[in-house]
Amino acid sequence: MTSAAPTSTATAKPDDDAKIAVSLRGLWKTYPGSSKPAVQDLSLDIRDGEILTLLGPSGCGKTTTLRMVAGLEHPDAGDIYFGAQAVVMTAKRLFMSPDKRNVGMVFQSYAIWPHMTVAENVAFPLQARHFPKNEIKDRVAKALDLVGLAGFEDRQGPLLSGGQQQRVAFARALVTEPRVLLLDEPFSNLDAKLREQMRVGVKLLQKRLNIAMLFVTHDQIEALSLSNRIVLMNFGVVQQQGDPRLLYEAPSNEFVRDFVGRTLLFKGKVQSSNGAGQLAIALEGAPDCVVFGRTYHPDGIASGAAVYMGVRPEDVEILPANGGAPPAGTIGGTVQAALFVGERIEYQIEIDGQGAMLLYGERHRPIEEANKVWLKLRPDGHSAWSSNWSHKDE
Amino acid sequence: MEQSPTITPLSVPITISPPRLSRGHFLMAMVLIVLGYLLLWPVLLLLINSFNAANDWFVEPRRFGIDHWVNAFQRPGLIQSLGNSLLIWSLTVGISFPIGVAIAWLLARTKIPCSRTLEFLFWVSYMVPSLPTTIAWITLLDPDIGMINVGLKNLFGLDQGPFNIFSVPGIVWANLMGHGISIKVMLMTPAFRNMDSTLEEAARVGGASNLRTLFKVTLPLMVSPMIMVFALQLLRVFQSFETEYLLGVPFGFYVYSTKVYALVRNAIPNYGEATVLASITLLMIVLIIPLQRWILERRRYTTITGSFRPGLIDLGKGNYLAFALLAVFLTLLTFGPMVILILGSFMQRIGYFVLGFTLEHWRLVLSDPVFVKALRTTLTLALTAALVSPLIFSVLAYILVRTRLPGRGALDLMIWGSGAIPGILAGLGLLWVFIGTPGLNALFGTIWALIIVVVLQGKTTGVNIMKGVLVQVGADMEEAARVSGAGWIRTYFKIWLPLLMPTLVLVAVMNFVTASGATSSIILLASRDTMTLSLMALELSSNAVGNREAASIVSIFIIFFTVSGALLVRYFGRRFGVHHDMRAGPSAAI
């Protein structure tokens, strides 16, 4: 922690202070001229040493939230605390300007000042906070070393590649050792290969520094792979929050189900249900295929109701048909098209009683087009829905 | 998710900001009041004063009535001057438009040699004010002493020169040679260049011949920028002054602007009818502006393209023919007049080659205290405009682009709309503001009155250029600095100023050029003490004085300032990639 950062405080309980780096309480934000709030009643905590991701489609309010933490937007209502210190309390008209907050931020465009060298860019936050000269020098060198740009000090901003610019942006954001680092879609301007590298790089960096990160992205792969926790937003409202596995395996509503990962929707009928929301579902078009899933709907779904079963593509195994009827636990289909995409083969399969779906098969066991197949679903762990609502249709 | 701990706010480094945007609101109110007072109020004052029926406004008390309106409509030639404005404008546009389109097409879409240089030279010819060009054409086409007329008389033994610049065709000719053609080339060439060549290529691949592609794809695509340029030209109908003043007044031909001037500068000033004429003109402008805006807005997105690989047409030998043709045009537009002015300045008596050459005129002009003073006044005006306007325009652009302050729409409209007010009317309105405001009336006749005019003159173009750059630079440059711990002042000096400097310089030079050539906007506000080079040249070459040799010399100075400014603009524009935006507003077409 730098001298500029507000750390130890007399009023807060030390225990809480160590845990929560940033907390947001009841934030509302409506842009002038817009009728819908960009953020509605948002509350969340970012713990020290945690990567918390705000995930959602464009316009869902995630960037607005990040900018309110940075101090670049004023919330209409709600409070923001850094540890125990209040930086925004709308009821008391209290607003700490961004330059006083000591957060690090990496912009989507990186915002590397083109009229400065790499070293000048990184030194800027230190100069603004009046660090002594020799300490600035040390810290800049350390920060550039951290991101692997030692030796680039005198390079001009515009002469850097996209990946290098991003690393300068990280060095500049980290050089004051802020308590929280804000990342606004930092990988979206990189090509696919570099993006993968940088993702690993950021994860390692974060482990080393044990810093809290608030990370904004619309890319679910980035969110799933980087985050300790994900907050999935839509229309300014939190849809679900939890660790990546929870969002993927137990989506709480249709939006979460469709936004995180791919979901195949099978039509079926509820055979039986229990109080915990577990359902036995018979698939349409397969007389002998019953699988288990659960519903998160508070009222559950009654027996006999028509439902959609949410199945992740990797939970379906494609077997070549050996003639005759599909065996128990499988559903029949016909391969319409097989697309070799490298690491796997994608099959467009017309499934009996269900319609056409895109499924993934192994590269080593190709199945010719027009052949019959049997699809074996994992017996349980699916989700059940009373509608096929999809946010993509909106 | 766990409950938040009970948290108490610390008081240490936090500033509790008073009602947040109050400083911003205050600034906005100030801007609207000051600009409204200088841009909007003068115009309204013209309308109001036209109903002041007092005969002598300085002596009699204000009395409202429509006497002046009645008189104005009865006075022969007054309303007709508006018709004359339209006549000159229609003839000029009618002839220059097809020529401009053809030249722009040659420059942008064919493999003509040195097309960039040729385009730049057309641009230079646009930067040269029309006053010096007109003076040069008088030198050539005066019926008695014009060099061409004298030459033809001697050659064919004619009694009278065949050409007369003091005629309607003469005025149209001078307008064409002044800005008429060059402005259309300047506005249309970049638009034609940026046309997406893949559209043409798609037509070719689709089986259309070269000719078919031209008629079915290229020409329809060109129509859009052509309409835009035409819309921008609509307001030019009321802009011109100098040419009509020098060429029309001698044979009793008045357009509305020279009429206004004549009424005000009469031995007994007829302010009443001048304001009536001004009001009618303003009403016409008010009708034209929405039409113009509608055309520009509607067409805005049709020419946008990301492709910068225009498919160029090879004219074969025609390339060189076209080059030669454009060289002739440029000679007529710029270089011819320049050479003539230089030549004329050394002649004993313009048009009389037999009398030989002399340095006497130069000696007289350079030692004339009036000239020295005018030179100093012009430089003061131009340098002040260059220094002050970029600062003001950048603040205005910042307010418009970066803030969410209320009143931005009004501010934008004011900047846009006032760009459409012709210089002579703005000057007349300001005259009344200065005279009518206690405290400000001391400014009348001083250089400060002129400084206000020239500083604000380039506002529409200047603000629009700054707006474009602010959008381009992006808010995140500034936000990154704020998040990095920099306050407003550090952000301004360390981030904004260095990033915007090239554009500020560009706007500064452009304002230097307009200020050094300003004529109609300041002519009613200037006094003997605050005469500029333009006003001096205008007076010297008018029939009343008729010292054309001296007028040539003063014109050479005006050309020198404007052309060197143009070269600087090009240097900065090239170096920093700042481009002109043809949608910059009506004053871009002034």
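The structure displayed is predicted, hence computed values, not measured ones. (Residues numbered from 1 in each chain as written. Chains lettered and ligands numbered in written order. Predicted model: local features only at pLDDT ≥ 70, side-chain atom pairs only at ≥ 80, totals over all residues.)

**Some points on the overall build of chain B**
Broken down by element type, chain B carries 23 helices and zero strands. Taking all 590 residues of chain B together, the buried fraction comes to 46%. Partitioning the contacts of chain B with sequence separation of at least 6, the portion at a separation of at least 24 is 78%. (Helix = DSSP H or I, 4+ residues; strand = E, 2+ residues; numbered from the N terminus. Buried ≥ 20, exposed ≤ 12 C-beta atoms within 10 Å, placed from the backbone. Contact = placed C-beta atoms within 7 Å.)

**Some details on the overall build of chain A**
Of regular secondary structure, chain A possesses nine helices and 21 strands. Counting only C-alpha atoms and orienting by the principal axes, one finds that chain A spans roughly 80 × 45 × 40 Å. The buried share of chain A, taken over its 394 residues, is 45%. Counting only contacts in chain A whose residues sit at least 6 apart along the sequence, the fraction spanning at least 24 positions is 66%.

**Some points on the domain arrangement of chain A**
Domain assignment breaks chain A into domain 1 (14-103 + 178-255) and domain 2 (262-387). One C-alpha centre belongs to domain 1 of chain A, the other to domain 2 of chain A, and the line joining them spans 36 Å. (Domains from an automatic or database assignment.)

**Structural notes on helix α6 (residues 192-209) of chain A**
With 18 residues, α6 of chain A extends 26 Å from end C-alpha to end C-alpha; this agrees with the ideal 26 Å at 1.5 Å per step. Looking one or two residues beyond α6 of chain A, the residue adopting positive phi is Asn-210 of chain A, at roughly 50 degrees. (Expected span 1.5 Å × (residues − 1).)

**Focus on the sheet that holds strand β8 (residues 180-184) of chain A**
Residues and elements named next belong to chain A. As summarised here, the arrangement of the six strands in space is β7-β8-β9-β3-β10-β11, forming an open sheet in which the pairing is mixed. At either end of the open sheet lies a strand with only one pairing partner, and these are β7 (104-106) and β11 (237-242). Averaged over all adjacent pairs, the angle separating strand axes in this sheet is 15 degrees, with direction ignored. (Pairing = 2+ DSSP bridges. Axes fitted to C-alpha atoms, helices over the stretch in contact; angles between N-to-C directions.)

**Things to note about the pairing of strand β4 (residues 77-82) of chain A**
All names here are of chain A. Most of β4 is tucked away, with five of its six residues classed as buried. With four bridges joining them, β4 and strand β5 (residues 85-89) adopt antiparallel strand pairing. In the sheet register, Tyr-81 faces β5, and the bridge partner there is Ala-86. Hairpin remark: β4 followed by β5, antiparallel, with two residues in the connecting loop; positive phi at Gly-83, about 60 degrees.

**Re the environment of Thr-281 of chain B**
All names here are of chain B. Along the chain, the position of Thr-281 falls in helix α12 (residues 271-299). Sequence separation between Thr-281 and Thr-331 is 50 residues; the distance between their C-alpha atoms is 35 Å. Contact partners of Thr-281, with chain neighbours within four places excluded, come to Leu-82, Phe-238, Tyr-256 and Leu-425.

**Some words on helix α3 (residues 118-128) of chain A**
Counting buried residues in α3 of chain A gives nine out of 11 residues, a clear majority hidden from the surface. Within the span of α3 of chain A, buried status applies to Val-118, Ala-119, Asn-121, Val-122, Ala-123, Phe-124, Pro-125, Leu-126 and Ala-128 of chain A. Looking at the buried residues of α3 of chain A, the elements they touch are α4 (133-146) and α5 (162-174) of chain A together with α21 (488-517) of chain B. A positive backbone phi angle near 60 degrees is found at His-130 of chain A, which sits one or two residues after α3 of chain A.

**Digging into the pairing of strand β15 (residues 306-311) of chain A**
Residues and elements named next belong to chain A. Counting buried residues along β15, five of its six residues qualify, which places the element largely inside the surrounding structure. Pairing of β15 with strand β21 (residues 382-385), which is carried by three bridges, proceeds in the antiparallel orientation. Bridging across to β21, Tyr-308 finds its partner in Trp-385.

**Here we look at the nonpolar core**
Counting residues in hydrophobic clusters, the biggest one holds 147 residues, and the most contacted among them are Val-260, Leu-428, Val-453, Met-536, Ala-537 and Val-554 of chain B. Ranked by residues supplied to this core, first place goes to helix α7 (residues 168-193) of chain B with 14 residues. Leu-54, Ala-84, Ala-86 and Ala-111 of chain A belong to the second largest nonpolar core, which has 88 residues in total. (Core = buried A, V, L, I, M, F, W, Y, C linked by C-beta atoms within 7 Å.)

**Thoughts on the environment of Val-311 of chain A**
On the secondary structure map, Val-311 of chain A appears in strand β15. Sequence separation between Val-311 of chain A and Asp-191 of chain A is 120 residues, and the spatial gap between their C-alpha atoms is 31 Å.

**Structural notes on the packing of helix α20 (residues 475-483) of chain B against α21 of chain B**
Residue and element names in this part refer to chain B. Following both chains from N to C, one finds α20 and α21 inclined at 160 degrees, their axes separated by 10 Å at the closest point. With respect to their mutual orientation, α20 and α21 come out roughly antiparallel. Crossing of α20 against α21: the hand is right-handed. The residues of α21 that touch α20, namely those facing Met-477, Glu-478, Ala-481 and Arg-482, are Thr-491, Lys-494, Ile-495, Trp-496 and Leu-499. Its residues assigned to classes, the contact of α20 with α21 comprises five nonpolar, one polar and three charged. (Parallel < 35°, antiparallel > 145°, perpendicular 65-115°, else oblique. Left-handed = near helix turned anticlockwise from the far one by under 90°. Nonpolar A, V, L, I, M, F, W, Y, C, P; charged D, E, K, R; others polar.)

**So, unusual backbone geometry**
Residue and element names in this part refer to chain A. If you check the backbone angles, Asn-102 has positive phi at about 50 degrees while not being a glycine. On the secondary structure map, Asn-102 appears in the loop between β6 (94-95) and β7. Taking the number of C-beta atoms within 10 Å as the measure of exposure, Asn-102 has 24 and is therefore buried. Phi angles above zero are rare outside glycine, and Asn-210 is one such case at about 50 degrees. In this structure, Asn-210 sits in the loop between α6 and β9 (212-217).

**Things to note about the sheet that holds strand β13 (residues 278-283) of chain A**
By definition, the strands of a sheet pair up through backbone hydrogen bonds, in either a parallel or an antiparallel sense. Residue and element names in this part refer to chain A. Reading around the barrel, the five strands line up as β12-β13-β14-β21-β15 and close back on themselves, with mixed pairing between neighbours. Between one strand axis and the next, the sheet turns through 55 degrees on average, direction left out of account. Bridge analysis of strand β14 (residues 290-294) against β21 gives two bridges, and the strand direction is parallel. Its bridge partner lying in β21, Arg-294 is registered against Ser-383.

**Here's the deal with the confidence of the model for chain A**
Within chain A, residue pLDDT values average 84, and 93% of them lie at 70 or more. In the predicted structure, residues 1-17 of chain A sits below a pLDDT of 50 and forms 30 contacts with residues beyond four places in sequence or in another chain. (pLDDT = per-residue confidence, 0-100.)

**What to know about the confidence of the model for chain B**
Residues and elements named next belong to chain B. The predicted model of chain B has a mean per-residue pLDDT of 81, with 90% of residues at 70 or higher. Across chain B, element-level confidence peaks in helix α10 (residues 242-248) with a mean pLDDT of 91 and bottoms out in helix α8 (residues 197-205) with 71. Counted against residues more than four places away or in other chains, residues 300-309, with its pLDDT under 50, gives 12 contacts. Per-residue pLDDT stays below 50 along residues 577-590; that stretch engages in 40 contacts with residues further than four places along the chain or on separate chains. On the interface metric, ipTM, the complex scores 0.75, and its pTM is 0.74.

**Re the environment of Gly-65 of chain B**
Residues and elements named next belong to chain B. If you trace the backbone, Gly-65 turns up in the loop between α1 (22-49) and α2 (67-74). You can call Gly-65 exposed: it has 11 C-beta atoms within 10 Å. Apart from residues no more than four positions distant in its own chain, Gly-65 is found in contact with Phe-51 and Ala-53.

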